[in-house]
Amino acid sequence: MTTDMGPSNLLPPQQLLLFLLCSLLQPFSSHSLGHPALLTSIRSFTPSTPDACRIFHGRGGLFPDADHLTLDYYDPAFLLTSFGIALGEEELDSYCSALCETLKANDADADDDNSQRQLTVVYQYRGANTTSETRLIRGEIPDPHIVTENNGQDQYLVHLMRGQNHGLFLDMANGRTWLRSKCQSKQISSVLNLFAYTCAFSVAALNGGADKVVNVDMSKSALKTGQRNHELNGISSKASFLSHDIFKTWGKMKREGPFDCIVVDPPSYQKGSFVAKKDYGKVIRRLPSLLNKDGYALLCLNAPEMNTDFLLDSVKEECGTELVFVERLVNPSSFDSAFPERALKVLLFQYRPSDVSTEIVAA
């Protein structure tokens with residue numbers, strides 16, 4: 001065998017230049033041994049329940065030079081995500097080592113038989129435009145992968161290796177808790193869940209005691225996962241699933257109603273189906289015709305460039321004084337942000353028709 005090291009095996013000058021430029025322009029983390037704030041969060045993490053949660057939220061701007069980093073726990077897996085800055089192998093190893101030590105410490109303190117757990121870590125890099133990478137760097141992911149909320153009582157299917165949405169939005173946990181509580185207290189018995197995705201709000205409502213939930217989403221695959229979530233929780237008989245364009249389904253939804261609560265949790269931008277800036281108002285104007293008197297509307301917005309005034313002004317413009325603002329739900333503490341108006345916004349309104357006193361019963 002001979003090895004030709006001649007010019008024919010070298011990259012053409014233009015390709016070589018492009019390769020070098022791409023390598024230089026690719027941002028890499030400057031914390032090769034791990035970011036101190038993330039390492040501290042890992043070492044102090046002690047799961048009091050098996051519930052899915054965020055461990056570190058660098059995106060909130062509270063930790064210098066860490067706004068590209070998040071770490072989530074989807075038992076038994078940890079999901080490490082870096083936005084716009086690729087992490088080197090040495091840095092990834094430092095986080096894995098810290099997680100391994102944390103697991104060992106927690107297992108040593110545990111009295112059950114779940115000791116000596118295997119470390120499972122998924123790393124996702126989200127670059128500019130559509131550039132992304134998702135890989136399993138430690139352990140194995142269960143199939144199916146089922147996680148919980150509400151101290152293990154609500155079960156959800158998740159998928160960490162596919163795409164950027166994993167089946168359960170952790171920052172919306174307080175919204176689901178609010179809805180579950182209202183259903184438990186019988187203040188809400190019927191729910192319309194718009195842009196339902198995998199129907200987590202529906203699971204929370206029905207597990208809380210709701211009598212009926214209608215889930216609407218254009219994505220058949222997301223609703224299929226939603227149906228499986230209901231099967232997991234044994235609540236399928238009280239839920240319905242409509243795979244329709246919401247803007248073409250108002251008549252059917254009105255026949256299903258009226259409802260005690262409507263959850264509106266749309267994407268901020270989804271080409272061809274929904275753009276919050278121009279389409280949210282079209283949804284809001286329909287809400288009074290779908291709500292019972294004193295019913296609630298839970299309006300969600302996860303667009304950093306749009307603040308709470310966008311929703312407040314849209315409601316006033318489309319519904320006048322009939323939808324009365326009650327409160328903004330606080331995000332989970334693990335999602336604390338130095339810039340609340342750029343974070344997730346969940347606003348609660350109550351339907352008070354103009355012929356009824358506008359005095360609100362405390363929510």
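Residues numbered from 1 in each chain as written. Predicted model: local features only at pLDDT ≥ 70, side-chain atom pairs only at ≥ 80, totals over all residues. Heavy atoms only, no water.

(A) Fine view of the nonpolar core. Counting residues in each nonpolar core, the largest one holds 37 residues, and the members touching the most others are W178 and L179. Those elements that provide at least two residues to this core are β3 (77-83), α4 (173-184), α5 (200-208), β11 (259-264), β14 (291-301) and β16 (345-351). Examining the composition of this core, we find that 6 residues originate from one element, α5, more than from any other. One finds L194, F195, C319 and F349 within the second-largest nonpolar core, a separate group that totals 33 residues. (Core = buried A, V, L, I, M, F, W, Y, C linked by side-chain atoms within 4.5 Å. Buried < 20%, exposed > 50% of the residue type's maximum accessible area, 1.4 Å probe, protein only. Helix = DSSP H or I, 4+ residues; strand = E, 2+ residues; numbered from the N terminus.)

(B) Main features of the environment of L87. Summarising the element assignment, L87 is placed in the loop between β3 and α3 (89-109). Sequence separation between L87 and G34 is 53 residues; the distance between their C-alpha atoms is 9.2 Å.

(C) Representation of the sheet that holds strand β15 (residues 323-328). Pairing is mixed in the open sheet, where 7 strands are placed in the order β10-β9-β8-β11-β14-β16-β15. Whereas interior strands pair on both sides, the edge strands pair on one side only; in this sheet they are β10 (239-242) and β15. Across the sheet, the axes of successive neighbouring strands diverge by a mean angle of 20°, strand direction being ignored. Across the face of the sheet, helix α8 (residues 276-284) comes into contact with β8 (190-194), β11 and β14 while running at roughly 170° to β14. Docked against the sheet, helix α9 (residues 308-319) engages β14, β15 and β16, running at close to 25° with respect to β16. (Pairing = 2+ DSSP bridges. Axes fitted to C-alpha atoms, helices over the stretch in contact; angles between N-to-C directions. Contact = heavy atoms within 4.5 Å.)

(D) Structural view of the environment of L329. By the element assignment, L329 lies in the loop between β15 and β16. Assessed through its relative accessible area of 9%, L329 is described here as buried. Sequence separation between L329 and K345 is 16 residues; the distance between their C-alpha atoms is 7.7 Å. Those residues within four positions of L329 in sequence are excluded, and the remaining contacts are N174, G175, W178, L298 and V346.

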